Amino acid sequence: MQENANIPVSSSTSEVIVINRRSFMGALLGIGTAAMGALLAVPVLRYVLYPLYARATGSGWSEVGAVSDFATAQAPIRKTITFTQRDGWREVVSSQSVYVHREENGDLRVLSAICPHLGCSVSWQQGQDEFVCPCHGGRFKPNGTHVYGPPPRGMDELPSRVDNGKLQVHFEYFRSNVPNKERLS
Ligand code: FES
C-alpha cells in the first residue's frame, strides 16, 4: 500500500500540466494581443472611414470688400472671392464670382454669379441695366429677380454679414434648374 503512495507522478501527467500552463499563457497572450490590436485599429479605422461619413463643408466666411466700397454703387459690382472646402481628406481652394447689389435703403445683398438654369456665369450688362446669361439668354433684374428666359428662379442670394467694416459672404452652391433654392454644400 505504501508503495502506491510513493508512486511518482507519471511523465504523461506532468506533460498535461505543462501543456495546460502553456495553453493558458498562450490564450492570455492571444487575448492581450487581440485587445491591443483592436485598440490600435480604432484610430486607423476612423481615419480610413472618415471620408464616408464626413460631409463636404465650406470654410465659413470670405471677404468681399470694405462696406464703404459699395456705399455709392449705382449698379451691381462684380467681385471674385476665394474660399476653402473640405471634402473628406481633401481641402480645395476655389474662386467664384459674386455680385454685390445695394438696395435703395443701403442694404447690401450678395448674389452668386452662377446661373440657376444650367450653371453658366451671368454678367452685368450696364447698357441693358440687367444681368444676362450668355448660354440661353436668361435675364435678371439688378436684385437678381428672374425676368426672362429658361432659368426657373432668380439669381441665388448668398448669406452675407458685415464684420469690422468688411462685407463677408458665405459661398454656397445650389441645385440648378429647379424652381426653389436647394443648397448643395
Ligand atoms: S445656363 Fe443661364 S440661361 Fe441657361
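Residues numbered from 1 in each chain as written. Predicted model: local features only at pLDDT ≥ 70, side-chain atom pairs only at ≥ 80, totals over all residues.

Topic: the overall build of the protein chain
Note the threshold: Starting at the N terminus, helices and strands are each numbered in turn, a helix being any DSSP run of H or I of at least four residues and a strand any DSSP run of E of at least two. The contact criterion used is a C-beta to C-beta distance within 7 Å, with each C-beta placed from the backbone.
Scanning the protein chain from N- to C-terminus turns up 2 helices and 12 strands. When the elements of the protein chain are put in sequence order from the N terminus, they spell out α-α-β-β-β-β-β-β-β-β-β-β-β-β. Put simply, 48% of the contacts in the protein chain that link residues at least 6 apart link residues at least 24 apart.

Overview of the environment of His136
To keep things clear, this is the line we draw: To assign burial, the other C-beta atoms lying within 10 Å of each residue's own C-beta are counted, with C-beta atoms placed from the backbone; 20 or more indicates buried, 12 or fewer indicates exposed, and intermediate counts indicate partly exposed.
You can see His136 is positioned in the loop between β7 (130-132) and β8 (139-140). Taking the number of C-beta atoms within 10 Å as the measure of exposure, His136 has 12 and is therefore exposed. Each C-alpha atom, one on His136 and one on His117, is 8.7 Å from the other, the two residues being 19 residues apart in sequence.

Description of the sheet that holds strand β6 (residues 123-125)
The cut-off we apply is this: Criterion used throughout: strands pair if DSSP finds at least two bridges between them.
The sheet built from 4 strands is open, its strands ordered β6-β7-β8-β9 with antiparallel pairing. In this open sheet, the two edge strands, each paired with only one partner strand, are β6 and β9 (146-148). Bridge count for β7 against β8 is 2 bridges, and the pairing is antiparallel. The residue of β8 that forms the bridge with Phe131 is Phe140.

Quick look at the nonpolar core
Where we set the bar: Residues enter a nonpolar core if they are buried, belong to Ala, Val, Leu, Ile, Met, Phe, Trp, Tyr or Cys, and are joined to the set through C-beta atoms within 7 Å.
Residues Val98, Val100, Val110 and Val122 are the most contacted members of the largest nonpolar core, which totals 19 residues. If you list the elements that add at least two residues to this core, you get β4 (90-102), β5 (108-112) and β12 (166-169). Those residues in contact with Val122 that sit more than four places away from it in its chain are Ala113, Cys115, Phe131, Val132, Cys133, Phe140 and Met155.

With respect to the pairing of β12
Burial along β12 is one-sided: the residues Leu167 and Val169 are buried and none of Lys166 and Gln168 is. Relative to β12, strand β2 (residues 62-66) runs antiparallel, the two sharing 4 bridges. In the strand pairing of β12, Ser62 is matched with Val169. Of the strand pairs in this sheet, strand β11 (residues 160-163) and β12 are connected by 4 bridges, and their pairing is antiparallel. For Asp163, the partnering residue across the bridge sits in β12 and is Lys166. Two successive antiparallel strands, β11 and β12, enclose a turn made up of 2 residues, where Asn164 displays a positive phi of approximately 55°.

Notes on the pairing of strand β3 (residues 77-87)
One ladder, built from 11 bridges, connects β3 with β4; its direction is antiparallel. Of the residues in β4, the one forming a bridge with Phe83 is Ser94. Counted along the chain from β3 to the antiparallel partner β4, the turn is 2 residues long, and its residue Gly88 has a positive phi close to 65°.

Focus on the confidence of the model for the protein chain
Here is the rule: pLDDT measures the predictor's confidence residue by residue and takes values from 0 up to 100.
Mean pLDDT over the protein chain works out to 84, with 76% of the residues at or above the 70 mark. Here residues 50-56 is a poorly scored stretch, pLDDT under 50, and it has 8 contacts once near neighbours within four places are set aside; other chains count.

Describing the sheet that holds β11
Whenever strands of a sheet pair, they do so through backbone hydrogen bonds, lying parallel or antiparallel. Defined as follows: Each axis is a line fitted through C-alpha atoms, taken for helices only over the stretch in contact, and angles between the N-to-C directions span 0 to 180 degrees.
As summarised here, the arrangement of the 3 strands in space is β2-β12-β11, forming an open sheet in which the pairing is antiparallel. Edge positions in the sheet fall to β2 and β11, since each has one partner strand and no second. This sheet shows a mean twist of 30° between the axes of neighbouring strands, independent of strand direction.

Points about the environment of Leu111
On the secondary structure map, Leu111 appears in strand β5. Along the backbone, Leu111 and Phe171 are 60 residues apart, and their C-alpha atoms lie at a distance of 9.6 Å. Those residues in contact with Leu111 that sit more than four places away from it in its chain are Val98, Tyr99, His101, Gly144, Met155, Asp156, Glu157 and Leu158.

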